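# Residue-level structural notes
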Amino acid sequence: MDVEGLIHLTDQQENDWKTKDPAGYQSAIESGVYNEEDNDLYAYDVLPDFLKNTIPNPGGGFDINLRPSEGEHGQ
């Protein structure tokens, strides 16, 4: 049975990770949280910040800041 990863990295994302953070990339492979054959990542928190900024956290949702409108509905 195949288990799908939380995140599927593109070839470009994998290459960026491999070249900009080789130690982190290798550590993720060795610890089993990244499958380099399928580009499947099983733990979002091992990604370096430059990739986290381009890939939404699949379990995290979004931070939304609400502020009152300045228009006719504002108070």
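No experiment lies behind these values; they were computed from the predicted model shown.

This model, assessed by the stated rule, comprises 3 aromatic pairs. Between Trp17 and Tyr25 the ring centres are 5.4 Å apart and the planes differ by 85°, which places this aromatic pair in the edge-to-face class. For the pair formed by Trp17 and Tyr25, the shared burial category is buried. The interplanar angle of 65° and the centroid separation of 5.3 Å between the aromatic rings of Trp17 and Tyr34 together place this pair among those described as edge-to-face. Highlighted residues: Trp17 in helix α1 (residues 11–20) and Tyr34 in strand β2 (residues 34–35), separated in sequence by 17 residues. The exposure class of Trp17 is buried, given its relative accessible area of 0%. In this structure an aromatic cluster arises from ring pairing among Trp17, Tyr25 and Tyr34. The ring of Phe50 has Lys20 sitting right over it, with the charged end atom 5.1 Å from the ring centre.

Turning to the sheet that holds strand β3 (residues 40–41), a few remarks are in order. The sheet built from 3 strands is open, its strands ordered β1-β3-β2 with antiparallel pairing. If you trace the sheet from one side to the other, it starts and ends with β1 (7–8) and β2, each paired once. Of the strand pairs in this sheet, β2 and β3 are connected by 2 bridges, and their pairing is antiparallel. If you follow Asn35 over to β3, its bridge partner there is Asp40.

Counting residues in each nonpolar core, the largest one holds 14 residues, and the members touching the most others are Ile7, Leu9, Trp17, Tyr34, Leu41, Leu47 and Ile55. A total of 3 residues in this core trace back to one element, the largest contributor, which is helix α2 (residues 22–30). Setting aside residues no more than four positions away along its own chain, Ile7 makes contact with Asn39, Asp40, Leu41, Tyr44, Leu47, Ile55 and Pro58.

Cut-offs and rules
- Residues numbered from 1 in each chain as written.
- Predicted model: local features only at pLDDT ≥ 70, side-chain atom pairs only at ≥ 80, totals over all residues.
- Heavy atoms only, no water.
- Phe/Tyr/Trp six-rings, centres within 6.5 Å; stacked < 30°, edge-to-face > 60°.
- Buried < 20%, exposed > 50% of the residue type's maximum accessible area, 1.4 Å probe, protein only.
- Helix = DSSP H or I, 4+ residues; strand = E, 2+ residues; numbered from the N terminus.
- Lys NZ or Arg CZ within 6 Å of the ring centre and 35° of its normal.
- Pairing = 2+ DSSP bridges.
- Core = buried A, V, L, I, M, F, W, Y, C linked by side-chain atoms within 4.5 Å.
- Contact = heavy atoms within 4.5 Å.

Take it as geometry only, folks, not as evidence of what the structure does.
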